[in-house]
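# Structural description and commentary
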Amino acid sequence: MGLPRHCTAMRILHLSDTHLGIERLVRGAPGGWSRADDLRQAAATALGPALRGEVDLVLHTGDLFNRSQPPPWAVADAAALLLAVARRVPVVVIPGNHDRRGLARHLPRSRRLIACDAPTRLVFGELALGVVPFVGRAEIWAEAARNVTARGVDLLLAHQAFDGAVVPGRVFRVGQEQDTVGCRHLPAGVQYVACGHIHPRQVLQVGAAAVVQPGSTERTSLVERGQTKGYAVWELGRRVTWRFVDLPGRRMVVVSSEAGIKEVRRGDLCWIAPAFWTPEVERAVSRCGGWLLGPAGPRPAPRAQRERRPERERRVIERQLDLFTPAP
Ligand SMILES: [Mn+2]
């Protein structure tokens, strides 16, 4: 397996975790600009090279939308953007954990806009792709990955936490969460994985495979404030290489001191630490041109873990199992 030596050179734009339609309360942005506008702009910028015809294929490895039922305006925006790209080059999108109802239902049918809601093997000329959408159980992922790679693939697409993936304050390990996949779940012979899910960009070596994760195209939460955002460009030919391309991203600032207020620049997304919050601090941040994250008034306590979560996760996994079971 791996790329056949006769394979013609191909350039692939790989983006992920665009979280379109995200709704975040932001105060102080001019002209009704919202965080969703930032994320739409990031996705459009990432797709720029594809719109200019500079790549041969676009892969979106999941969490296209922030919610499984995105607002209609976000669906319309995404459809328009992806169709514009698909007029130039084929686009493959796979559902992430946020797209748990699948993506085909949201996107227009087009020969070159391929929403893979179920595990699939796709062929573009001499390039074979294995596609496995997010699934909540590593064993099921492994079986699907085995099936889609049985005839050989050059690249496997996934939206999954791989063993060793790092997010702030946490390293994913097989067995700790039932959806984390590792060496034992990867089919033998897979050398390259184009992967979504983990928002800080990183490359992992998992067994014989390089797992390339471009991360999210914009920050989806304050936790990501220190992360460089962007997308990846793969060059496939006799050799396989990839590089990360940076996107500007909007600065996020936690304001927790007088000195912190002075660091605020126009258009920064600002979070005032609860212990430091006063109406005067809010006004000072606004005067510096900072946009305020969250509702007005004293900082609310962090939202408690939702009680219904286990029940929701069970339903999600059941729905996914339907998608992963081939029709009789
Ligand atoms: Mn995501």
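### Thoughts on the sheet that holds strand E8 (residues 155-159)
Strand order in this open sheet of six strands is E6-E7-E8-E11-E13-E12, and the pairing throughout is mixed. Two strands lie at the open edges of the sheet, namely strand E6 (120-124) and strand E12 (202-206), each paired on one side alone. For this sheet, the mean inter-axis angle between neighbouring strands, taken without regard to orientation, is 25 degrees. In this structure, strand E7 (residues 127-132) lies alongside E8, joined through four bridges in parallel fashion. Counterpart to Leu 129 in the pairing with E8 is Leu 155. In the packing of helix H4 (residues 138-149) onto the sheet, the strands contacted are E6, E7 and E8, and the crossing angle to E7 comes to about 160 degrees.

### A closer look at the pairing of strand E14 (residues 229-236)
Summarising burial for E14: seven of the eight residues are buried, a large majority. The sheet contact formed by strand E1 (residues 10-15) and E14 spans five bridges and is antiparallel. Looking at the pairing, His 14 lines up with Ala 232 of E14.

### What to know about the sheet that holds E14
The strand order across the open sheet built from six strands is E5-E4-E3-E1-E14-E15, with neighbouring strands paired in mixed fashion. Two strands close off the open sheet at either side, each with one partner strand: strand E5 (113-115) and strand E15 (240-247). Across this sheet, the average inter-strand angle for adjacent strands is 20 degrees, counted without regard to direction. Pairing of E14 with E15 involves eight bridges; the strand directions are antiparallel. Bridge pairing in E15 places Ala 232 opposite Phe 244. Running at roughly 140 degrees to strand E4 (residues 91-93), helix H3 (residues 72-86) makes contact with strand E3 (57-60), E4 and E5 of the sheet.

### What to know about the pattern of salt bridges
Across all of its chains, the model carries 15 salt bridges by this definition. With a closest N to O distance of 2.8 Å, Glu 235 and Arg 11 form a salt bridge. On the criterion of sequence distance, the pair formed by Glu 235 in strand E14 and Arg 11 in strand E1 is long-range, its members being 224 residues apart. What makes Glu 235 partly exposed here is its relative accessible area of 27%. Residues Arg 170 and Glu 177 are paired through a salt bridge, measuring 3.5 Å at the closest nitrogen-oxygen approach. Classification of Glu 177 by relative accessible area gives partly exposed; the value is 38%. Here the salt bridges share partners, and the residues they tie into one network are Arg 35, Asp 38, Glu 218 and Arg 250.

### Things to note about the packing of aromatic side chains
Inspection of the entire model under this criterion finds four aromatic pairs. Both rings, one in Trp 234 and one in Trp 242, keep their centres 5.4 Å apart while their planes meet at 55 degrees; by these two values the pair is tilted. Assessed through its relative accessible area of 0%, Trp 234 is described here as buried. In textbook terms, an aromatic cluster arises when at least three aromatic residues are bridged by ring pairs, as seen for Tyr 192, Trp 234 and Trp 242. Directly above the aromatic system of Phe 172 lies the positively charged group of Arg 170, at a separation of 4.1 Å from the ring centroid.

Definitions and limits used
- Residues numbered from 1 in each chain as written.
- Predicted model: local features only at pLDDT ≥ 70, side-chain atom pairs only at ≥ 80, totals over all residues.
- Heavy atoms only, no water.
- Pairing = 2+ DSSP bridges.
- Helix = DSSP H or I, 4+ residues; strand = E, 2+ residues; numbered from the N terminus.
- Axes fitted to C-alpha atoms, helices over the stretch in contact; angles between N-to-C directions.
- Contact = heavy atoms within 4.5 Å.
- Buried < 20%, exposed > 50% of the residue type's maximum accessible area, 1.4 Å probe, protein only.
- Salt bridge = Lys/Arg side-chain N within 4 Å of Asp/Glu carboxyl O.
- Phe/Tyr/Trp six-rings, centres within 6.5 Å; stacked < 30°, edge-to-face > 60°.
- Lys NZ or Arg CZ within 6 Å of the ring centre and 35° of its normal.

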